[in-house]
Amino acid sequence: MRPLDDIRIIAIEQYGAGPYGSLHLADLGADVIKIEDPSHGGDVGRYVPPFQEQEDSLFFETFNRNKRSLSLDLRSEPGRRVFHDLVRTADAVYSNLRGDVPAALGITYDDLAHVNPRIVCVSLSGFGATGPRRSQPGYDYILQGLTGWMSVTGEPDGAPVKTGLSLVDFSGGLVGALTLLAAVHGARRSGQGMDCDLSLYDVATSMLSYEATWHLNADWTPGRVSRSAHPSLVPFQLFAGRDARWFVVACAKEKFWHRLAKAIDRSELADDPRFESFAARYRHRRELIEILDGVFDGEPASHWIRTLEAAGVPVGAVHSIAEALQDEHTAARGLIIDIPHDRFGTVRQVRSPARVGDQPTELRRAPHRNEHAAEIFSELQYSDADVAELAAAGAFG
């Protein structure tokens, strides 16, 4: 058995943030049933270019492996009857819709408690169910701007920059998965379900973390720092070798600074009063970085990476995505998985980082829209006549 084999999740999800969260739960064994709106062709992720044909896309494959799909019109009375039958068998209803939509669609705990008192209703929206922005759509890029992320990303003399990956969406999905598991655990213990009102805005704001604490308590004004440097620790940033290849040096402890000075044959720097402590190096950071730039310019980046690794200094190359996926450590950790697909042949993608024990993860391609209708109807003990009657009444679009 996989750890979540006994959890069923009804997922009213689309695109990135919501599906990313339930993906990890599905990989751990949860039965994730995607409810796809037949009037809109299902999850919009099916149509994201490039590498898209008809209702299949590599984008959709990335977020939806190991799930099942059912086309269902939740706004129709017969569709809601089917939905309620599913809720009776489920632990959670999980959605990533606009903040005001769950109540309008009737998928909150107040709407469903009479069907299943233990149901957990997790809503992951852009801005949450309360507040002045609750009815606004929230996208990763917009949220990175609103919550200050872009003000601290990029070069000081350049434009604000978003992260290269959709980290608000991905972090929101992970918070959604964590919250869902905690809420289901609590509901099984108490017999009482609940609403969980999550937002990407909340997630992004909470990830301001220690910089927010510094600002709120010590009037710290965060800003963009050259070469992606740490806001207070020095040296902890990008450097370039003679070949103009970038690498990161991260002296997060005093011992690493002493090892670095010795490894580059500049042991005297460790005893220099300007550089003898975190605080001193921060005050004299421009002088120190200028010295280190001069040293590192003497050899290619690969030389310094080997030298510093051997000395026990935290260091790493700045890889392209291709280089990262081909790294020997990526292979050793089994991070690339191959999943057979009837359109694309084999879909290669990155596995979930969640590892529980040593049981292999079952891998199944993302579902075609409505692919699992027959088996879900069988589990609900619908007869052929029941299905025909529901279809005629418009339950499935």
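Before reading on, note that the structure itself is shown above.
None of these values were measured; they are calculated from a predicted model. Within any chain, residue numbers begin from 1 and follow the written order of that chain's sequence. pLDDT decides what is reported in this predicted model: residues at 70 or higher carry local features, side-chain atom pairs at 80 or more are listed and counted, and totals for whole chains, interfaces and linings draw on all residues regardless. Computation of side-chain values covers all heavy atoms of the structure but excludes hydrogens and water.

Trainee: Which residues make up the packing of aromatic side chains, and what values do they have?
Mentor: Each aromatic pair joins two rings of Phe, Tyr and Trp (for Trp, the six-membered one) with centres within 6.5 Å, and gets the label stacked for planes under 30 degrees apart, edge-to-face for over 60, and tilted for any other angle. Applying the stated rule across the entire model yields 15 aromatic pairs. Consider the rings of Phe 127 and Tyr 201, whose centres lie 5.8 Å apart with planes at 40°: the pair is tilted. Of the two residues, Phe 127 sits in the loop between β7 (120–125) and α6 (140–146) while Tyr 201 sits in helix α8 (residues 200–206), which places them 74 residues apart along the sequence. With relative accessibility at 29%, the residue Tyr 201 sits in the partly exposed group. By the ring-pair criterion, three or more aromatic residues cluster together here, those being Tyr 15, Tyr 20, Phe 59, Phe 63 and Phe 170. Any Lys NZ or Arg CZ that is within 6 Å of a ring centre and within 35 degrees of that ring's normal is treated as a charge sitting over the ring. Between the NZ or CZ atom of Lys 162 and the centre of the ring of Tyr 141, over which it lies, the distance is 5.6 Å. Think of it this way: any DSSP run of H or I at least four residues long counts as a helix, any run of E at least two long counts as a strand, and we number them from the N terminus. Relative accessible area decides the class of each residue, using a 1.4 Å probe on protein chains only: under 20% of the type maximum gives buried, over 50% gives exposed, and in between gives partly exposed.

Trainee: Which residues make up the nonpolar core, and what are the values?
Mentor: Within this scheme, the nonpolar core is defined by two criteria: the residues are buried Ala, Val, Leu, Ile, Met, Phe, Trp, Tyr or Cys, and they are joined through side-chain atoms within 4.5 Å. In terms of nonpolar packing, the biggest core is built from 30 residues, with Ile 35, Leu 70, Phe 83 and Val 93 touching the most fellow members. Residue assignment for this core shows that the elements contributing at least two residues are β1 (8–12), β2 (31–36), α3 (77–89), α4 (101–105), α5 (109–112) and α17 (373–379). The dominant element in this core, judged by the number of residues it contributes, is α3, at four residues. Aside from chain neighbours lying at most four places away, what touches Leu 70 is Ile 33, Lys 34, Ile 35, Glu 36, Val 82, Leu 86, Asn 370, Ala 373, Ile 376 and Phe 377. Contacts between residues were defined by any pair of non-hydrogen atoms, one from each residue, lying within 4.5 Å.

Trainee: Would you mind going over unusual backbone geometry in detail, with residue names and values included?
Mentor: Cis geometry marks the peptide bond from Pro 49 to Pro 50, where omega comes out at -10°. Its location among the elements puts Pro 50 in the loop between β2 and β3 (52–53). With an omega of -5°, the peptide bond between Val 234 and Pro 235 qualifies as cis. Mapped onto the elements of the fold, Pro 235 is located in the loop between α9 (209–218) and β9 (236–240). Unlike most non-glycine residues, Phe 51 shows phi in positive territory, near 60°. The topology assignment puts Phe 51 in the loop between β2 and β3.

Trainee: So what about the pattern of salt bridges? Which residues, and what values?
Mentor: Once their charged atoms are close, side chains differing in charge can pair, the charge on each being opposite to the other. Here, a salt bridge means any Lys or Arg side-chain nitrogen found within 4 Å of an Asp or Glu carboxyl oxygen. Within the structure shown, the criterion is met by 29 salt bridges. With its nearest N and O atoms 2.6 Å apart, the salt bridge here joins Asp 293 to Arg 227. On the criterion of sequence distance, the pair formed by Asp 293 in helix α13 (residues 285–296) and Arg 227 in the loop between α9 and β9 is long-range, its members being 66 residues apart. Classification of Asp 293 by relative accessible area gives partly exposed; the value is 26%. Put simply, Arg 8, Asp 31, Arg 68, Glu 375 and Glu 379 are held in one network by salt bridges that share partners.

Shape is all these values report; function is a separate question.
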